[in-house]
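Here's the letter readout for the chains.
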Amino acid sequence: MSKLVLGIETSCDETSAAVLADDVILSNVIHSQVDVHAEWGGVVPELASRHHAEQIDLIIKLALKKASVSLKDIDLIAVTRGPGLVGALLVGLGAAKGLSLAAGIPLVGVDHIQAHIHSTELTHGAAEYPALALVVSGGHTSLFLQPARFQYKLLARTRDDAAGEAYDKVAKLLDLGYPGGPVIDRLAAKGNPAAVRFSRVRMSDGSLDFSFSGLKTAVLAYTKKNADLLKTDDSANHKPLLDLLASFQNAIIAEIESRVRRVAKAEEIRSIGISGGVSMNSGLRGRMATLADEIGIPIYLPKPALTGDNAAMIAYLGAHSHEMGHEAPLVLNADPGLKLAEPSGAKRHPRSG
Ligand code: KG4
Ligand code: ZN
């Protein structure tokens, strides 16, 4: 009998529920709130919680229906407990705890970042260790060294904006819509990445940490200085704009690439994993594949549907976490600032009575 796991994810602006049977995805329903936040150019936390609350029951029902199972067939519920927006997280946790209590199903809390890292396994299986894991999304840009499969050492994080956040902010200032990543990725492919020179970020303390807010400010200054040149009704074909976007994207990728190169020189790594919404970026995928080739190690990326926030990765990690002895008590709370450490979550809670 296969083990059925229901995953629930509501940490940011995607309401998602998924059913997995022994690591096989039976359903992965993702309801994006992009339209809700588009007019604000970024995620508005209160609106996010409200829309999760409106959608969550329906999304869970849909995930069960698409998987052709009912709640009583579910063996484990896995839910994102952090990091993320606290009001948004609480909606998923409330639903998960209610179902767990009503149906007597064990519950496990999952770290969202850890789930992104292991999302590559749903496509490629376990990586070769020691591995380098890069998580690039709208909320995070972090590099972890994984000496072994469920061990994580934080090597670098962003000191200000996340890479996806930089994409979203630059798209907003150039009036390109939200989210900025996909549209800039598409337009950047048509521009010259060497057209505008942006200076490289180097931490004065020699740290590997990222910083993207200076780049965003440089794009803003360039845009103000070249307002006439950039003015267009046809952004998809306006060369000065395409060149600016290609140069911006090139600067983001160069910063990521230089960090990965430094780690690969200093540490014995046998594979590279890249996950999170920005791992969809075609420029990043291409450059990292070339780099991995040059170093002579494999690179693992989630398939497109699993790059952004989704409940399949939560169910997957929840199942493995449960196998390792983790289980959450019903007092499990949201932890918006959860920091990835090994092992994740509380050890199995002794059941009373
Ligand atoms: O992982 P995700 O869905 O949510 C967070 O946990 O943040 O990532 C969303 C982010 C957004 O900032 C979006 O602009 C970015 O991923 N993104 C991309 C691309 N597709 C999505 N960034 C660059 N290129 C893309 N193709
Ligand atoms: Zn995420």
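Preceding this section is the structure that the text describes.
The structure displayed is predicted, hence computed values, not measured ones.

With respect to the element layout, Thr141 can be found in strand S7 (residues 141-146). A distance of 2.8 Å separates a polar side-chain atom of Thr141 from the backbone nitrogen of Ala163. When near neighbours in sequence (up to four residues on either side) are disregarded, Thr141 contacts Val135, Val136, Ala156, Arg157, Thr158, Ala162, Ala163, Phe210 and Phe212.

This part takes up the coordination of the zinc ion (ligand 2). Around the zinc ion (ligand 2), the protein contributes the donor atoms His112 (NE2), His116 (NE2) and Asp309 (OD), at 2.1 Å from the metal centre. With four donor atoms in place around the zinc ion (ligand 2) and angles of 92 to 147° between them, the coordination shape is irregular.

Before going further, it helps to spend a moment on the site of ligand 1. Neighbouring residues of ligand 1: 21 residues in total, closest Gly138, Asp168, Asp185, Gly277 and Asn281. One of the backbone nitrogen or oxygen atoms of Gly181 is found 3.0 Å away from an oxygen atom of ligand 1. The separation between an oxygen atom of ligand 1 and a polar main-chain atom of Gly277 is 2.9 Å. Within the complex, 88% of the 560 Å² of free accessible area of ligand 1 lies under protein. If you list the elements that add at least two residues to the shell around ligand 1, you get helix H4 (112-118), helix H6 (163-173) and helix H7 (180-188). Top element by residues in the shell around ligand 1 is H7. It accounts for four residues. Here the shell around ligand 1 is composed, by residue class, of five nonpolar, twelve polar and four charged.

Attention now moves to the sheet that holds strand S9 (residues 271-275). Pairing is mixed across the open sheet formed by five strands, whose spatial order is S8-S7-S6-S9-S10. One side of each edge strand has no neighbouring strand; the edge strands of this open sheet are strand S8 (153-157) and strand S10 (299-300). Across six bridges, the pairing between strand S6 (residues 131-136) and S7 is antiparallel. Looking across to S7, one finds that Leu132 is bridged to Leu145.

Attention now goes to the side chain of Ser271. Take Ser271: it is sitting in strand S9. With relative accessibility at 1%, the residue Ser271 sits in the buried group. Only 2.7 Å separates the side chain of Ser271 from the backbone oxygen of Glu128, close enough to count as a polar contact. Once you skip the residues sitting within four places of it in the chain, Ser271 turns out to touch Ala127, Glu128, Pro130, Ala131, Leu132, Ile297, Pro298 and Tyr300.

Below, the discussion takes up helix H8 (residues 213-225). In an α-helix, one turn spans 3.6 residues; hence positions three or four apart end up facing the same way. Taking 1.5 Å as the rise per residue, H8 with 13 residues should run 18 Å; its terminal C-alpha atoms sit 18 Å apart, in good agreement. Taken as a whole, H8 has its buried residues at Leu215, Lys216, Val219 and Thr223. In a view along the axis of H8, the buried residues occupy a sector of 100°, so they form one face of it. The exposed residues of H8 that point more than 90 degrees off its buried face are Lys224 and Lys225. Close packing links the buried residues of H8 with H6, helix H9 (227-230) and helix H10 (239-266).

Mapping Val135 onto the fold places it in strand S6. Separated by 144 residues in the primary sequence, Val135 and Ser279 have C-alpha atoms spaced 8.0 Å apart. For Val135, the residues in contact, after removing those within four places along its chain, are Ile113, His116, Ile117, His140, Thr141, Ser142, Phe144 and Ser275.

It is worth spelling out the sheet that holds strand S3 (residues 24-32) at this point. Taken in spatial order, the five strands of this open sheet run S3-S2-S1-S4-S5, and their pairing is mixed. The outermost strands of the open sheet, each flanked by one partner alone, are S3 and strand S5 (107-111). With direction set aside, neighbouring strand axes in the sheet form an average angle of 20°. Sheet analysis places strand S1 (residues 4-9) next to strand S4 (residues 76-82), joined by four bridges and oriented parallel. Counterpart to Ile8 in the pairing with S4 is Val79. Together, S1, strand S2 (14-21) and S3 form the strand contacts of helix H2 (residues 45-66), whose direction differs from that of S2 by roughly 25°.

Negative charge collects at one region of the surface, where Asp22, Asp23, Asp73, Asp75 and Glu323 lie side by side. Accessibility expressed as a relative area gives 34% for Asp23, which makes it partly exposed.

Inspection of the entire model under this criterion finds two aromatic pairs. Here the aromatic rings of Tyr167 and Phe248 are separated by 5.2 Å at their centres, their planes lie at 80°, and the arrangement is edge-to-face. Here Tyr167 is found in helix H6, whereas its partner Phe248 is found in helix H10, with 81 residues between them in sequence. Judged by relative accessible area, Phe248 falls into the buried class, the value being 0%. For the pair Phe210 and Phe212, a centre-to-centre distance of 6.0 Å together with 15° between the ring planes defines the contact as stacked. Phe212 matches Phe210 in its accessibility class, with the two residues each being buried.

Analysis parameters
- Residues numbered from 1 in each chain as written.
- Chains lettered and ligands numbered in written order.
- Predicted model: local features only at pLDDT ≥ 70, side-chain atom pairs only at ≥ 80, totals over all residues.
- Heavy atoms only, no water.
- Helix = DSSP H or I, 4+ residues; strand = E, 2+ residues; numbered from the N terminus.
- Polar contact = N/O pair within 3.5 Å; in protein donor to acceptor, adjacent residues only side chain to side chain.
- Contact = heavy atoms within 4.5 Å.
- Donors = N, O, S within 2.8 Å, 3.2 Å for Na, K, Ca; no water.
- Tetrahedral: all angles 85-135°; square planar, octahedral: opposite > 155°, others 65-115°.
- Near = heavy atom within 4 Å.
- Areas by Shrake-Rupley, 256 points an atom, 1.4 Å probe, with all protein chains shown as cover.
- Nonpolar A, V, L, I, M, F, W, Y, C, P; charged D, E, K, R; others polar.
- Pairing = 2+ DSSP bridges.
- Buried < 20%, exposed > 50% of the residue type's maximum accessible area, 1.4 Å probe, protein only.
- Expected span 1.5 Å × (residues − 1).
- Arc of directions from axis to C-beta.
- Axes fitted to C-alpha atoms, helices over the stretch in contact; angles between N-to-C directions.
- Patch = residues over 30% accessible without salt bridge, like charges linked within 9 Å, V, L, I, M, F, W, Y side chains within 5 Å.
- Salt bridge = Lys/Arg side-chain N within 4 Å of Asp/Glu carboxyl O.
- Lys, Arg positive; Asp, Glu negative; His and termini not counted.
- Charge placed at Lys NZ, Arg CZ, Asp CG, Glu CD.
- Phe/Tyr/Trp six-rings, centres within 6.5 Å; stacked < 30°, edge-to-face > 60°.

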